[in-house]
Amino acid sequence: RVIRPRFADAKFFFDEDLKQGLASMGDGLKTVTYQAKLGSVADKVARVAALAEAIAPQVGVDAALAKRAAQLAKNDLQSRMVNEFPELQGIAGRYYAQRAGEPSEVALAIDEAYQPRFAGDDIALSGVGKVLAIAERLDTLAGGFAAGLKPTGNKDPFALRRNALGLARTIIESGFDLDLKALLAKANEALAAKNVQADASELYDFILDRLRGYYTDKGVPTSHFNAVAELRPKSLYDFDRRIDAIGTFAQLPEAAALAAANKRIGNILKKVDGEIPNIEDHTLLREPAELALAEAVEAVYGETGHALAHGDYADVLVHLARLRPQVDAFFDNVMVNVDDVALRNNRLALLKRLADRLGSVAAIEHLSN
(Lines give C-alpha, C1' and ligand atoms only; values in the text may rest on other atoms or scores of the structure.)
Protein backbone atom coordinates (compact mmCIF):
# COMPACT_ATOMS: atom_id res chain seq x y z
CA ARG A 1 0.00 0.00 0.00
CA VAL A 2 2.96 2.34 0.53
CA ILE A 3 5.79 1.08 -1.67
CA ARG A 4 3.85 0.50 -4.89
CA PRO A 5 2.33 4.00 -5.07
CA ARG A 6 5.75 5.50 -4.36
CA PHE A 7 7.30 3.55 -7.19
CA ALA A 8 4.42 4.57 -9.45
CA ASP A 9 5.04 8.22 -8.57
CA ALA A 10 8.75 7.80 -9.23
CA LYS A 11 8.06 6.26 -12.64
CA PHE A 12 5.79 9.18 -13.52
CA PHE A 13 8.37 11.76 -12.39
CA PHE A 14 11.13 9.97 -14.28
CA ASP A 15 9.17 9.89 -17.53
CA GLU A 16 8.14 13.54 -17.20
CA ASP A 17 11.73 14.58 -16.48
CA LEU A 18 12.93 12.76 -19.58
CA LYS A 19 10.46 14.73 -21.67
CA GLN A 20 11.94 17.96 -20.35
CA GLY A 21 15.57 16.83 -20.65
CA LEU A 22 18.47 17.46 -18.29
CA ALA A 23 19.92 20.41 -20.20
CA SER A 24 16.68 22.41 -20.17
CA MET A 25 16.27 21.82 -16.43
CA GLY A 26 19.22 24.16 -15.92
CA ASP A 27 17.19 27.17 -17.07
CA GLY A 28 15.36 27.21 -13.76
CA LEU A 29 18.55 27.46 -11.70
CA LYS A 30 18.80 31.19 -12.44
CA THR A 31 15.80 31.85 -10.22
CA VAL A 32 16.94 29.63 -7.33
CA THR A 33 18.98 31.45 -4.69
CA TYR A 34 22.06 29.55 -3.58
CA GLN A 35 22.97 32.05 -0.86
CA ALA A 36 22.03 35.70 -0.54
CA LYS A 37 25.59 37.03 -0.88
CA LEU A 38 26.68 34.41 -3.42
CA GLY A 39 23.85 34.65 -5.94
CA SER A 40 21.82 31.96 -7.63
CA VAL A 41 22.56 28.27 -8.14
CA ALA A 42 23.28 29.17 -11.77
CA ASP A 43 25.99 31.56 -10.55
CA LYS A 44 27.54 28.76 -8.52
CA VAL A 45 27.40 26.42 -11.53
CA ALA A 46 29.29 28.96 -13.64
CA ARG A 47 31.99 29.32 -10.97
CA VAL A 48 32.39 25.57 -10.54
CA ALA A 49 32.56 25.05 -14.32
CA ALA A 50 35.38 27.57 -14.61
CA LEU A 51 37.27 25.91 -11.76
CA ALA A 52 36.78 22.43 -13.20
CA GLU A 53 37.99 23.58 -16.61
CA ALA A 54 41.13 25.06 -15.00
CA ILE A 55 41.90 22.05 -12.78
CA ALA A 56 41.34 19.31 -15.38
CA PRO A 57 44.50 19.84 -17.51
CA GLN A 58 46.64 19.85 -14.37
CA VAL A 59 45.65 16.25 -13.61
CA GLY A 60 45.41 14.86 -17.13
CA VAL A 61 41.63 15.12 -17.51
CA ASP A 62 39.79 16.46 -20.56
CA ALA A 63 38.88 20.06 -19.73
CA ALA A 64 35.84 20.10 -22.03
CA LEU A 65 34.35 17.04 -20.33
CA ALA A 66 35.00 18.49 -16.88
CA LYS A 67 33.36 21.77 -17.83
CA ARG A 68 30.35 20.03 -19.37
CA ALA A 69 29.88 17.85 -16.29
CA ALA A 70 29.98 20.94 -14.07
CA GLN A 71 27.45 22.75 -16.27
CA LEU A 72 24.97 19.87 -15.89
CA ALA A 73 25.75 18.74 -12.34
CA LYS A 74 23.08 20.83 -10.57
CA ASN A 75 20.37 20.59 -13.20
CA ASP A 76 18.63 17.62 -11.60
CA LEU A 77 17.84 19.83 -8.61
CA GLN A 78 15.07 21.17 -10.87
CA SER A 79 13.77 17.70 -11.71
CA ARG A 80 10.50 16.32 -10.43
CA MET A 81 12.34 13.22 -9.23
CA VAL A 82 14.79 15.05 -6.96
CA ASN A 83 12.08 17.41 -5.75
CA GLU A 84 10.21 14.34 -4.48
CA PHE A 85 13.27 12.27 -3.53
CA PRO A 86 16.06 14.73 -2.54
CA GLU A 87 18.49 11.93 -1.71
CA LEU A 88 18.63 11.09 -5.44
CA GLN A 89 20.43 14.30 -6.42
CA GLY A 90 23.37 13.39 -8.60
CA ILE A 91 22.07 9.86 -9.07
CA ALA A 92 19.05 11.12 -11.01
CA GLY A 93 21.28 13.49 -12.95
CA ARG A 94 23.52 10.60 -14.01
CA TYR A 95 20.59 8.69 -15.51
CA TYR A 96 19.15 11.75 -17.21
CA ALA A 97 22.55 12.55 -18.71
CA GLN A 98 22.84 9.00 -20.01
CA ARG A 99 19.39 9.21 -21.61
CA ALA A 100 20.32 12.57 -23.14
CA GLY A 101 23.33 10.99 -24.88
CA GLU A 102 25.97 12.82 -22.85
CA PRO A 103 29.43 11.21 -22.73
CA SER A 104 29.63 8.42 -20.14
CA GLU A 105 32.38 10.32 -18.28
CA VAL A 106 30.07 13.32 -17.90
CA ALA A 107 27.12 11.26 -16.69
CA LEU A 108 29.20 9.40 -14.10
CA ALA A 109 30.85 12.60 -12.84
CA ILE A 110 27.45 14.20 -12.12
CA ASP A 111 26.87 11.42 -9.58
CA GLU A 112 30.47 11.15 -8.30
CA ALA A 113 30.72 14.89 -7.60
CA TYR A 114 28.89 14.27 -4.31
CA GLN A 115 31.44 11.71 -3.12
CA PRO A 116 32.44 11.22 -0.37
CA ARG A 117 28.85 11.66 0.81
CA PHE A 118 29.51 10.61 4.40
CA ALA A 119 32.35 9.58 6.74
CA GLY A 120 34.09 6.51 5.38
CA ASP A 121 32.55 6.84 1.91
CA ASP A 122 34.80 6.38 -1.12
CA ILE A 123 36.02 9.38 -3.09
CA ALA A 124 35.06 9.72 -6.75
CA LEU A 125 36.69 7.04 -8.90
CA SER A 126 36.72 8.63 -12.36
CA GLY A 127 39.05 11.45 -13.38
CA VAL A 128 36.23 13.80 -14.38
CA GLY A 129 34.35 12.94 -11.19
CA LYS A 130 37.39 13.78 -9.06
CA VAL A 131 37.90 17.12 -10.80
CA LEU A 132 34.23 18.04 -10.38
CA ALA A 133 34.26 16.99 -6.71
CA ILE A 134 37.30 19.21 -6.09
CA ALA A 135 35.90 22.20 -8.00
CA GLU A 136 32.52 21.93 -6.26
CA ARG A 137 34.08 21.89 -2.80
CA LEU A 138 36.51 24.70 -3.56
CA ASP A 139 33.63 26.98 -4.49
CA THR A 140 31.53 25.89 -1.52
CA LEU A 141 34.38 26.56 0.92
CA ALA A 142 35.47 29.87 -0.57
CA GLY A 143 31.87 31.02 -0.86
CA GLY A 144 31.00 29.92 2.65
CA PHE A 145 33.92 31.80 4.19
CA ALA A 146 33.33 34.85 2.00
CA ALA A 147 29.67 34.98 3.07
CA GLY A 148 30.61 34.74 6.76
CA LEU A 149 29.29 31.21 7.19
CA LYS A 150 32.36 29.56 8.70
CA PRO A 151 31.43 27.00 11.36
CA THR A 152 31.08 28.02 14.99
CA GLY A 153 30.75 25.35 17.65
CA ASN A 154 28.34 22.70 16.40
CA LYS A 155 26.83 25.02 13.80
CA ASP A 156 27.90 24.36 10.22
CA PRO A 157 24.96 25.21 7.95
CA PHE A 158 26.92 24.76 4.71
CA ALA A 159 28.66 21.57 5.90
CA LEU A 160 32.01 23.30 5.39
CA ARG A 161 33.86 20.89 7.68
CA ARG A 162 32.64 17.91 5.66
CA ASN A 163 33.43 19.71 2.40
CA ALA A 164 36.96 20.54 3.56
CA LEU A 165 37.69 16.94 4.46
CA GLY A 166 36.12 15.70 1.22
CA LEU A 167 38.29 18.12 -0.75
CA ALA A 168 41.46 17.08 1.08
CA ARG A 169 40.72 13.37 0.78
CA THR A 170 39.96 13.61 -2.93
CA ILE A 171 43.22 15.44 -3.65
CA ILE A 172 45.41 13.21 -1.46
CA GLU A 173 43.87 9.85 -2.29
CA SER A 174 43.84 10.69 -6.01
CA GLY A 175 47.54 11.55 -5.91
CA PHE A 176 46.85 14.98 -7.43
CA ASP A 177 49.85 17.28 -6.88
CA LEU A 178 47.76 20.44 -7.02
CA ASP A 179 48.71 23.84 -5.64
CA LEU A 180 45.93 24.28 -3.09
CA LYS A 181 46.87 27.87 -2.33
CA ALA A 182 46.60 28.76 -6.02
CA LEU A 183 43.25 26.97 -6.30
CA LEU A 184 41.87 28.84 -3.29
CA ALA A 185 43.03 32.10 -4.87
CA LYS A 186 41.26 31.17 -8.12
CA ALA A 187 38.07 30.27 -6.25
CA ASN A 188 38.31 33.67 -4.57
CA GLU A 189 38.72 35.42 -7.92
CA ALA A 190 35.45 33.92 -9.12
CA LEU A 191 33.65 35.55 -6.18
CA ALA A 192 34.84 39.03 -7.15
CA ALA A 193 31.67 39.61 -9.17
CA LYS A 194 29.67 39.25 -5.95
CA ASN A 195 31.94 41.70 -4.11
CA VAL A 196 32.81 39.14 -1.44
CA GLN A 197 36.13 37.52 -0.65
CA ALA A 198 37.34 34.74 1.62
CA ASP A 199 40.54 34.95 3.65
CA ALA A 200 42.57 32.39 1.68
CA SER A 201 45.09 31.90 4.48
CA GLU A 202 42.33 31.27 7.03
CA LEU A 203 40.65 28.86 4.62
CA TYR A 204 43.92 26.97 4.08
CA ASP A 205 44.31 26.60 7.86
CA PHE A 206 40.70 25.40 8.12
CA ILE A 207 41.39 22.64 5.59
CA LEU A 208 44.59 21.64 7.40
CA ASP A 209 42.64 21.42 10.64
CA ARG A 210 40.29 18.89 9.01
CA LEU A 211 43.37 16.88 8.02
CA ARG A 212 44.47 16.68 11.65
CA GLY A 213 41.61 14.29 12.45
CA TYR A 214 42.11 12.45 9.15
CA TYR A 215 45.71 11.59 10.03
CA THR A 216 44.87 10.84 13.66
CA ASP A 217 42.45 8.19 12.40
CA LYS A 218 45.30 6.75 10.33
CA GLY A 219 47.50 6.49 13.42
CA VAL A 220 49.82 9.40 12.62
CA PRO A 221 51.21 11.00 15.82
CA THR A 222 50.25 14.62 16.43
CA SER A 223 53.94 15.59 16.54
CA HIS A 224 54.42 14.27 12.99
CA PHE A 225 51.39 16.21 11.74
CA ASN A 226 52.56 19.41 13.43
CA ALA A 227 56.06 18.99 12.00
CA VAL A 228 54.71 19.01 8.45
CA ALA A 229 51.90 21.52 9.04
CA GLU A 230 54.40 24.13 10.23
CA LEU A 231 55.85 24.25 6.69
CA ARG A 232 52.35 24.83 5.20
CA PRO A 233 53.03 22.92 1.96
CA LYS A 234 51.06 24.30 -0.97
CA SER A 235 50.13 20.79 -2.15
CA LEU A 236 48.14 18.40 0.05
CA TYR A 237 49.54 15.44 -1.85
CA ASP A 238 53.00 16.78 -1.06
CA PHE A 239 51.86 17.16 2.56
CA ASP A 240 50.95 13.47 2.59
CA ARG A 241 54.33 12.41 1.21
CA ARG A 242 56.08 14.45 3.89
CA ILE A 243 53.94 12.77 6.55
CA ASP A 244 55.05 9.36 5.26
CA ALA A 245 58.70 10.42 5.19
CA ILE A 246 58.71 11.86 8.71
CA GLY A 247 57.14 8.64 9.96
CA THR A 248 60.04 6.66 8.47
CA PHE A 249 62.61 9.14 9.79
CA ALA A 250 61.19 8.96 13.32
CA GLN A 251 62.11 5.26 13.44
CA LEU A 252 65.81 5.96 12.82
CA PRO A 253 68.11 5.90 15.87
CA GLU A 254 69.48 9.33 14.94
CA ALA A 255 66.06 10.99 14.74
CA ALA A 256 65.64 12.06 18.37
CA ALA A 257 69.13 13.55 18.63
CA LEU A 258 68.80 15.50 15.38
CA ALA A 259 65.35 16.73 16.37
CA ALA A 260 66.78 17.98 19.67
CA ALA A 261 69.72 19.57 17.87
CA ASN A 262 67.43 21.37 15.43
CA LYS A 263 65.37 22.65 18.35
CA ARG A 264 68.56 23.89 20.00
CA ILE A 265 69.68 25.59 16.79
CA GLY A 266 66.30 27.26 16.46
CA ASN A 267 66.55 28.64 19.99
CA ILE A 268 70.04 29.98 19.29
CA LEU A 269 69.00 31.67 16.05
CA LYS A 270 65.90 33.25 17.61
CA LYS A 271 68.09 35.17 20.04
CA VAL A 272 70.28 36.69 17.32
CA ASP A 273 70.01 40.42 16.75
CA GLY A 274 70.82 41.53 13.22
CA GLU A 275 71.43 39.69 9.98
CA ILE A 276 73.05 36.27 9.79
CA PRO A 277 75.25 35.67 6.71
CA ASN A 278 73.70 33.34 4.13
CA ILE A 279 76.76 31.12 3.96
CA GLU A 280 79.77 30.53 6.16
CA ASP A 281 83.27 31.75 5.25
CA HIS A 282 85.55 28.71 5.22
CA THR A 283 88.58 30.85 6.02
CA LEU A 284 87.00 31.63 9.41
CA LEU A 285 86.47 28.00 10.41
CA ARG A 286 88.87 27.31 13.27
CA GLU A 287 87.90 24.26 15.28
CA PRO A 288 88.16 20.73 13.82
CA ALA A 289 84.53 20.06 14.77
CA GLU A 290 83.21 23.09 12.89
CA LEU A 291 85.35 22.25 9.87
CA ALA A 292 83.96 18.72 9.89
CA LEU A 293 80.38 19.98 10.22
CA ALA A 294 80.83 22.52 7.41
CA GLU A 295 82.14 19.78 5.12
CA ALA A 296 79.27 17.47 6.08
CA VAL A 297 76.65 20.18 5.52
CA GLU A 298 78.13 21.05 2.12
CA ALA A 299 78.09 17.37 1.17
CA VAL A 300 74.51 16.82 2.32
CA TYR A 301 73.31 19.80 0.29
CA GLY A 302 74.81 18.17 -2.79
CA GLU A 303 73.40 14.76 -1.91
CA THR A 304 69.85 15.91 -1.17
CA GLY A 305 69.22 18.71 -3.67
CA HIS A 306 67.84 16.49 -6.43
CA ALA A 307 65.79 14.33 -4.05
CA LEU A 308 64.27 17.38 -2.37
CA ALA A 309 63.33 18.95 -5.71
CA HIS A 310 61.61 15.72 -6.78
CA GLY A 311 59.79 15.05 -3.51
CA ASP A 312 61.87 12.05 -2.46
CA TYR A 313 61.64 13.12 1.15
CA ALA A 314 62.55 9.79 2.71
CA ASP A 315 65.88 9.85 0.87
CA VAL A 316 66.51 13.42 2.04
CA LEU A 317 65.94 12.48 5.67
CA VAL A 318 68.13 9.38 5.43
CA HIS A 319 71.03 11.56 4.27
CA LEU A 320 70.33 14.11 6.99
CA ALA A 321 70.41 11.36 9.64
CA ARG A 322 74.06 10.78 8.75
CA LEU A 323 74.93 14.24 10.05
CA ARG A 324 74.43 13.24 13.66
CA PRO A 325 78.12 12.56 14.54
CA GLN A 326 79.26 15.93 13.17
CA VAL A 327 76.35 17.77 14.81
CA ASP A 328 77.05 16.14 18.18
CA ALA A 329 80.76 16.89 17.92
CA PHE A 330 80.07 20.53 17.04
CA PHE A 331 77.92 21.17 20.09
CA ASP A 332 80.33 19.26 22.33
CA ASN A 333 83.42 21.15 21.19
CA VAL A 334 82.51 24.52 19.67
CA MET A 335 81.30 27.65 21.42
CA VAL A 336 78.93 29.57 19.14
CA ASN A 337 78.50 32.85 21.01
CA VAL A 338 82.14 33.85 21.22
CA ASP A 339 83.29 37.47 21.65
CA ASP A 340 84.82 37.60 18.16
CA VAL A 341 81.92 38.92 16.06
CA ALA A 342 83.24 37.50 12.78
CA LEU A 343 83.68 34.01 14.25
CA ARG A 344 80.30 34.16 15.98
CA ASN A 345 78.45 35.22 12.81
CA ASN A 346 80.27 32.58 10.79
CA ARG A 347 79.19 29.84 13.19
CA LEU A 348 75.64 31.17 13.17
CA ALA A 349 75.69 31.07 9.37
CA LEU A 350 76.79 27.44 9.48
CA LEU A 351 74.02 26.57 11.92
CA LYS A 352 71.45 28.42 9.83
CA ARG A 353 72.42 26.44 6.72
CA LEU A 354 72.22 23.24 8.73
CA ALA A 355 68.81 24.17 10.16
CA ASP A 356 67.46 25.10 6.72
CA ARG A 357 68.25 21.66 5.37
CA LEU A 358 67.21 19.80 8.54
CA GLY A 359 63.85 21.57 8.28
CA SER A 360 63.45 21.16 4.53
CA VAL A 361 61.04 18.20 4.79
CA ALA A 362 59.37 19.00 8.09
CA ALA A 363 60.02 20.94 11.28
CA ILE A 364 61.70 17.93 12.87
CA GLU A 365 62.13 19.72 16.20
CA HIS A 366 58.52 18.66 16.88
CA LEU A 367 59.85 15.11 17.27
CA SER A 368 61.93 16.22 20.25
CA ASN A 369 60.33 15.58 23.64
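This write-up is about the structure you can find in this document. Not measured: the values here are computed from a predicted model.

### Section: unusual backbone geometry
Piece 1. In this structure, the amide linkage connecting glutamine 115 to the following residue, proline 116, adopts the cis form with an omega of -5°.
Piece 2. Mapped onto the secondary structure, proline 116 falls in the loop between helix H7 (104–112) and helix H8 (127–146).
Piece 3. With a phi close to 50°, alanine 159 is a non-glycine residue in the positive phi region.
Piece 4. With respect to the helices and strands, alanine 159 occurs in the loop between H8 and helix H9 (160–174).
Piece 5. Here the phi dihedral of asparagine 195 falls at roughly 60°; this positive angle occurs in a residue that is not glycine.
Piece 6. Examined against the element boundaries, asparagine 195 turns out to sit in the loop between helix H10 (180–190) and helix H11 (200–217).

### Brief notes about the packing of aromatic side chains
Piece 1. Counting across every chain of the model gives nine aromatic pairs.
Piece 2. Note on tyrosine 215 and phenylalanine 225: the rings are 6.2 Å apart at their centroids and 45° apart in plane angle, and the pair reads as tilted. Here the residue tyrosine 215 occupies a position in helix H11, and phenylalanine 225 occupies one in helix H12 (residues 222–229), the gap between them amounting to 10 residues.
Piece 3. Phenylalanine 225 sits in the buried class, given a relative accessible area of 3%.
Piece 4. An aromatic cluster of at least three residues, connected via ring pairs, comprises Tyr214, Tyr215, Phe225 and Phe239.
Piece 5. The ring of tyrosine 204 has lysine 181 sitting right over it, with the charged end atom 5.0 Å from the ring centre.
Piece 6. The ring of tyrosine 301 has arginine 357 lying over it, and the distance from NZ or CZ to the ring centre is 4.0 Å.

Each value, and the rule that gives it
- Residues numbered from 1 in each chain as written.
- Predicted model: local features only at pLDDT ≥ 70, side-chain atom pairs only at ≥ 80, totals over all residues.
- Heavy atoms only, no water.
- Helix = DSSP H or I, 4+ residues; strand = E, 2+ residues; numbered from the N terminus.
- Phe/Tyr/Trp six-rings, centres within 6.5 Å; stacked < 30°, edge-to-face > 60°.
- Buried < 20%, exposed > 50% of the residue type's maximum accessible area, 1.4 Å probe, protein only.
- Lys NZ or Arg CZ within 6 Å of the ring centre and 35° of its normal.

Nothing here speaks to function; it is all geometry.
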